[in-house]
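Chain and residue survey
Take a look at the letters that make up each chain.
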Amino acid sequence: MVQKYVETHDQLNPLLWKNGKLREEVAEKLQEITDAFVNFINVKKLKVVDYVITGSNAAYSYVPGSDIDLHVIVKGLPTEEERELYDAKKALWNKLHVITIRKMPVEVYVQGDEETHVSNGIYSIKTDAWVQTPIKSEPNVNHVSVQHKVRYYTRLIKEALESNDISFCKEVKEKIKKMRKKGLSSKGEWSIENITFKTLRYKGLIGDLIDHVQKLQDQELSLARNEN
């Protein structure tokens, strides 16, 4: 399972790129998606400064099933309240839409231009140019450590899925988020933490956890029928 995310290529994904540039029809469609998403967020003071494609599909490390990470870059550094709003809107957007480009899921995210973002490649759709040109690198992954970490977080997620304690489930979700962020900031895309996260996501466990938290939130906000 781990090896599925340890792969490099000699060229960028040809379904998206041609001669180091984002294919015109792909760029146009991504622009349409970002426009629709910004409309959906419906924040009047939202100052959009760029739209970028990032992650493995903006580098040489894409694999079958890799998302297209589409980031809407907004002015400044989002506050905690703004981040909660953006993440909630993103979650709702994902529940309402299944959008793909050449069978690859498009994952939209709001990022402040003052936020730190680690990625091998970052491409601006607005300027049609690389913000950060990807570098080919051979993966150096400690598979044994990844397997240990995957087993640990698999047990933790399954424990959360069997629990109705929403606080515990949110803690597990946040712990996984921090784990991945720490790995990306320290050792990049080939970090043990990032490969662990991708493996858990491929197994469907991340999606299951997100859905479970949402279900518990819905239950918490609901009122049972009065049988009297």
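Provided above is the structure to which this section pertains.
Residues numbered from 1 in each chain as written. Predicted model: local features only at pLDDT ≥ 70, side-chain atom pairs only at ≥ 80, totals over all residues. Heavy atoms only, no water.

In this model helix α1 (residues 24-41) runs 26 Å from its N-terminal to its C-terminal C-alpha over 18 residues, within 8% of the 26 Å that 1.5 Å per residue would give. For α1, the complete set of buried residues consists of Val-26, Ala-27, Leu-30, Ile-33, Thr-34, Phe-37 and Ile-41. Down the axis of α1, the smallest arc covering the buried residues is 125 degrees, so these residues share one side. In α1, the exposed positions that point more than 90 degrees away from the buried face belong to Glu-24 and Asn-39. Here the buried face of α1 lies against β2 (21-22), β3 (48-54), β4 (68-74), α2 (80-96), β5 (100-101) and β6 (104-112). Where α1 ends, the next residue or the one after it, Asn-42, has phi of about 55 degrees, a positive value. (Helix = DSSP H or I, 4+ residues; strand = E, 2+ residues; numbered from the N terminus. Expected span 1.5 Å × (residues − 1). Buried < 20%, exposed > 50% of the residue type's maximum accessible area, 1.4 Å probe, protein only. Arc of directions from axis to C-beta. Contact = heavy atoms within 4.5 Å.)

The subject of this paragraph is the nonpolar core. Most often, soluble globular proteins keep nonpolar side chains buried together rather than apart. Counting 28 residues, the largest nonpolar core has Leu-16, Leu-22, Leu-30 and Ile-53 as its most contacted members. Of all elements in the fold, only α1, β3, β4, α2 and β6 reach the threshold of two or more residues within this core. It is α1 that provides the largest number of residues to this core, a total of six residues. What Leu-22 contacts, discounting residues up to four positions off in sequence, is Leu-16, Trp-17, Ala-27, Leu-30, Ile-53, Tyr-123, Ile-125 and Asp-128. One finds Val-146, Met-179, Ile-195 and Leu-205 within the second-largest nonpolar core, a separate group that totals 21 residues. (Core = buried A, V, L, I, M, F, W, Y, C linked by side-chain atoms within 4.5 Å.)

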